[in-house]
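A closer look at the structure
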Amino acid sequence: MASSERHRQIVEAVRAEGRLGVAELAALTGASEMTVRRDLEILAGQGVLERYRGGARSLLLRGEEPPFALRETESRAVKQRIAAEVAALVADGETVVLDSGTTCLEVARVLQQRRLTVMPLSLHAANALTGAARLRLIIPGGEPRPGELALTGPLTESALAALRFDTAVLGCCGLSAADGLTAYDLAEAAVKRAAIASARRVIAVADAAKFSRTALAFVVPVTALHTVVTDDRAPQDELSALTTAGVTVRTVPATPTA
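Described below are features of the structure shown in this document. Owing to the predicted nature of the structure, the values given are computational and were not obtained by experimental measurement. (Residues numbered from 1 in each chain as written. Predicted model: local features only at pLDDT ≥ 70, side-chain atom pairs only at ≥ 80, totals over all residues. Heavy atoms only, no water.)

Time to look at the overall build of the chain. Helices and strands together make up the secondary structure of the chain, namely 10 helices and 15 strands. In terms of overall dimensions, the chain is globule-like: its C-alpha atoms have a radius of gyration of 19 Å, near the 18 Å expected for 258 residues. Buried residues in the chain amount to 51% of all 258 residues. For the chain, long-range pairs separated by at least 24 residues make up 59% of all intrachain contacts whose partners lie at least 6 apart in sequence. Both charge centroids of the chain, one from 29 positive and one from 29 negative side chains, sit 3 Å from each other. (Helix = DSSP H or I, 4+ residues; strand = E, 2+ residues; numbered from the N terminus. Rg over C-alpha atoms; globule rule 2.2 N^0.38 Å. Buried < 20%, exposed > 50% of the residue type's maximum accessible area, 1.4 Å probe, protein only. Contact = heavy atoms within 4.5 Å. Lys, Arg positive; Asp, Glu negative; His and termini not counted. Charge placed at Lys NZ, Arg CZ, Asp CG, Glu CD.)

In structure tokens form, the structure reads like this:
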């Protein structure tokens, strides 16, 4: 098992139980107790959990978003394939508003060599695009959210309202046909709505895990989306419901093809 997948299992198990011992986590993950202890030190350093002698307790509340550093390593290869699919949908010369989040950061990385105008809504993505020779970079104002570095607030929203984009690429914390696109943070949800209002086309990026979650802040119904790019582990009933709602669904393989 990859370390990122093991970390995800540990975080979810400890959050569900409140606290767990090293031996219990070793049995759950199939790793040695020494490996689990190293994992717990890493996760404690990320602020996800608190170590105590023989185990760990969760520092994440139910429904709270895991830290960016942890999410960035989860399903990274899948997110990279989703990003490549998004890049194929964007034509040179387009104006693009690019949302915050780990999948959108991968989109920023694959757009570095393209001839585009891009407004990133996070400092992580802005940093990835800085210095790209052929790309015109527009930085909005706003307040960066700690860790996530997503830009939020009235300055970000007013910058979006002043512009019109060909494409908005949106990340999400949860996605379903019934509950629409959702986010953990209310201020980020408002920025997402402003991005949607400023764009002619909306592409949502969501790995399969997002279909099992509904976060606190409602952003838009799925009918506001033009395209959803996900991976082939996403539940088929959800993908069918999106298609019925008029959304174009594009899937990438969760595992590399031969």
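A separate point is the sheet that holds strand β3 (residues 55-58). If you trace the 3 strands from one edge of the open sheet to the other, you get β1-β3-β2, paired in antiparallel fashion. At either end of the open sheet lies a strand with only one pairing partner, and these are β1 (19-21) and β2 (49-52). Pairwise comparison of adjacent strand axes, ignoring direction, gives a mean angle of 20° for this sheet. Here β2 pairs with β3 via 4 bridges, running antiparallel. Looking at β3, one finds that Glu50 is bridged to Arg57. The strands that helix α1 (residues 3-17) touches are β1, β2 and β3; relative to β1, the one it contacts most, it runs at about 120°. Sitting on the sheet, helix α2 (residues 22-29) touches β1 and β3, and the angle it makes with β1 is about 85°. (Pairing = 2+ DSSP bridges. Axes fitted to C-alpha atoms, helices over the stretch in contact; angles between N-to-C directions.)

Mapping Thr103 onto the fold places it in helix α6 (residues 102-110). The class of Thr103 is buried, set by a relative accessible area of 4%. Not counting chain neighbours up to four residues away, the residues in contact with Thr103 comprise Lys79, Ile82, Val205 and Asp207.

In sheet architecture, strand pairing relies on hydrogen bonds along the backbone and comes in two forms, parallel and antiparallel. The strand order across the open sheet built from 7 strands is β6-β5-β4-β9-β12-β14-β15, with neighbouring strands paired in parallel fashion. Two strands bound the open sheet, and with one partner strand each, they are β6 (136-137) and β15 (248-252). Direction of pairing for strand β14 (residues 227-231) relative to β15: parallel, over a ladder of 5 bridges. Considered in β15, the bridge of Asp231 is made with Val252. Packed on one face of the sheet, helix α5 (residues 76-89) meets β9 (165-170), β12 (199-205), β14 and β15 and runs near 150° to β14. Relative to the sheet, helix α10 (residues 236-244) contacts β14 and β15, its axis offset from that of β15 by approximately 145°.

Helix length check: helix α9 (residues 186-197) (12 residues) gives 17 Å between terminal C-alpha atoms against 16 Å at 1.5 Å per residue, within 8%. The set of residues buried in α9 consists of Glu188, Ala189, Ala190, Val191, Lys192, Ala194, Ala195 and Ile196. At the N-terminal end of α9, a side-chain oxygen is found 3.1 Å from the backbone nitrogen of Ala187, two or three residues along, and the residue is Asp185. (Expected span 1.5 Å × (residues − 1). Polar contact = N/O pair within 3.5 Å; in protein donor to acceptor, adjacent residues only side chain to side chain.)

All right, on to α5 then. Compared with the 20 Å implied by 1.5 Å per residue over 14 residues, the 20 Å span of α5 between its first and last C-alpha is a close match. Along α5, the positions that sit buried rather than exposed are Val78, Lys79, Ile82, Ala83, Glu85, Val86, Ala87 and Leu89.

Once that is clear, we can look at the packing of aromatic side chains. The description of two aromatic rings rests on the distance between their centres and on the angle between their planes. Applying the stated rule across the entire model yields 0 aromatic pairs. Of note, Arg19 hangs over the ring of Tyr52, and the distance from its end group to the ring centre comes to 5.1 Å. (Phe/Tyr/Trp six-rings, centres within 6.5 Å; stacked < 30°, edge-to-face > 60°. Lys NZ or Arg CZ within 6 Å of the ring centre and 35° of its normal.)

A word on the packing of α1 against helix α3 (residues 33-45). α3 packs onto α1 with a crossing angle of 75° between their chain directions and a minimal axis gap of 11 Å. Classified by the interaxial angle, the pair formed by α1 and α3 is roughly perpendicular. For the pair α1 and α3, contact is made by Arg6, His7, Ile10 and Val11 and by Thr35, Asp39, Leu40, Ile42 and Leu43, respectively. Its residues assigned to classes, the contact of α1 with α3 shows 5 nonpolar, 2 polar and 2 charged. (Parallel < 35°, antiparallel > 145°, perpendicular 65-115°, else oblique. Nonpolar A, V, L, I, M, F, W, Y, C, P; charged D, E, K, R; others polar.)

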